[in-house]
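Understanding the architecture of this molecule
Chain by chain, the residues:
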Amino acid sequence: MDRTRIAYLSKKVYFSAAHRLHSSNLTEEENKETYGKCNHPNGHGHNYTVEVIIRGEIDPKTGMVINLVELKKCMNVAIMDVLDHKNLDKDVPYFSINPSTTENIAVFIWDNVKENLPKGNYELYEVKIHETKDNTVIYRGE
Ligand SMILES: Nc1nc2c(c(=O)[nH]1)N=C([C@H](O)[C@H](O)COP(=O)(O)OP(=O)(O)OP(=O)(O)O)CN2
Ligand SMILES: [Zn+2]
């Protein structure tokens, strides 16, 4: 290859989880007012789609930015094992203090993927989460 080429590589996983939008920094009344039906005490669920995008050099020897098999292993550990078929607020300590909004789930996943990503000539570029077919959050580590 004549020069270094940079590519953006994406992989998706899907997880189902229950949650309730509730903030320990708000009163009961403020929670009801802020989150409406999503603050119902018995919670509700979503089938989330998570897309992780890695930015990096295409290795001239292997033709890969990162082996998708390695990325999948990392996403299974950082996302599926922790969040799939869980009650986010009860099973994941991070969400006992941070409301389980899609924004906060994106930040949580970003930090977890970063921690579990094998070292290489690439970087975590973006986490994109679809909470419903119409609700999406993009986080890039800012
Ligand atoms: N900024 C955010 N606002 C809301 C979030 C969020 O994560 N970030 N999440 C919710 C609730 O989780 C809710 O379940 C999703 O709200 P809603 O868009 O009403 O979803 P519906 O499935 O009911 O879709 P409809 O379009 O209303 O049919 C709320 N707000
Ligand atoms: Zn919800």
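In this report, we go over the structure that sits alongside the text.

Parameters and conventions
- All chains use their own residue numbering, which begins from 1 and follows the written sequence.
- Whichever chain is written first becomes A and whichever ligand is written first becomes 1, with later ones labelled in order.
- For a predicted model such as this one, the threshold for reporting local features is a pLDDT of at least 70, and the threshold for listing and counting side-chain atom pairs is 80 or more; totals across whole chains, interfaces and linings nevertheless cover every residue.
- Based on all heavy atoms of the structure, the side-chain values leave hydrogens and waters out of the count.
- Secondary structure elements are defined from DSSP: runs of H or I of at least 4 residues count as helices, runs of E of at least 2 residues count as strands, and each element is numbered from the N terminus.
- Exposed residues in this analysis have more than 50% of their type's maximum accessible area, buried residues have under 20%, and partly exposed residues fall in between, with area computed by a 1.4 Å probe over protein chains only.
- Residues are treated as being in contact if the distance between any of their heavy atoms lies within 4.5 Å.
- Residue-level accessible areas treat just the shown protein chains as cover; the underlying method is Shrake-Rupley with a 1.4 Å probe.
- His is not counted, nor are the chain ends; Lys and Arg add positive charge and Asp and Glu add negative charge.
- Charge placement uses NZ in Lys and CZ in Arg. For Asp and Glu, CG and CD serve respectively.
- Nitrogen, oxygen and sulfur within 2.8 Å of a metal are treated as its donors, or within 3.2 Å for sodium, potassium and calcium (Na, K, Ca); water is not counted, so a site can appear incomplete.
- Two strands pair if DSSP finds at least two bridges between them.

Some words on the overall build of the protein chain
- For the protein chain, the helix and strand inventory stands at five helices and five strands.
- Listing the helices and strands of the protein chain from first to last along the sequence gives β-α-β-α-β-α-α-α-β-β.
- By its C-alpha atoms, the protein chain is 65 × 25 × 25 Å across when sized along the principal axes.
- In the protein chain, which comprises 142 residues, the share counted as buried stands at 37%.
- Partitioning the contacts of the protein chain with sequence separation of at least 6, the portion at a separation of at least 24 is 68%.
- With the model as given, the accessible surface of the protein chain reaches about 8500 Å², and the carbon-plus-sulfur share is 49%.
- In the protein chain, 18 side chains carry a positive charge and 21 a negative one; their mean positions are 7 Å apart.

Side note on the coordination of the zinc ion (ligand 2)
- Looking at the zinc ion (ligand 2), the protein donor atoms are His 19 (NE2), His 44 (NE2) and His 46 (NE2), and they sit 2.0 to 2.1 Å from it.
- Site description for the zinc ion (ligand 2): donor spacing in sequence, H-x24-H-x1-H. Of this pair, His 19 sits in strand β1 (residues 6-19) while His 46 sits in strand β2 (residues 44-57), placing them 27 residues apart in sequence.
- Residue classification places His 46 among the buried residues on the basis of a relative accessible area of 15%.

Describing the pairing of β2
- Sheet analysis places β1 next to β2, joined by 14 bridges and oriented antiparallel. The residue bridging Ser 16 from the neighbouring strand is Asn 47, located in β2.
- Across eight bridges, the pairing between β2 and strand β4 (residues 122-130) is antiparallel. The partner of Arg 55 across the bridge, within β4, is Glu 123.

Keep in mind these values describe shape, not function.
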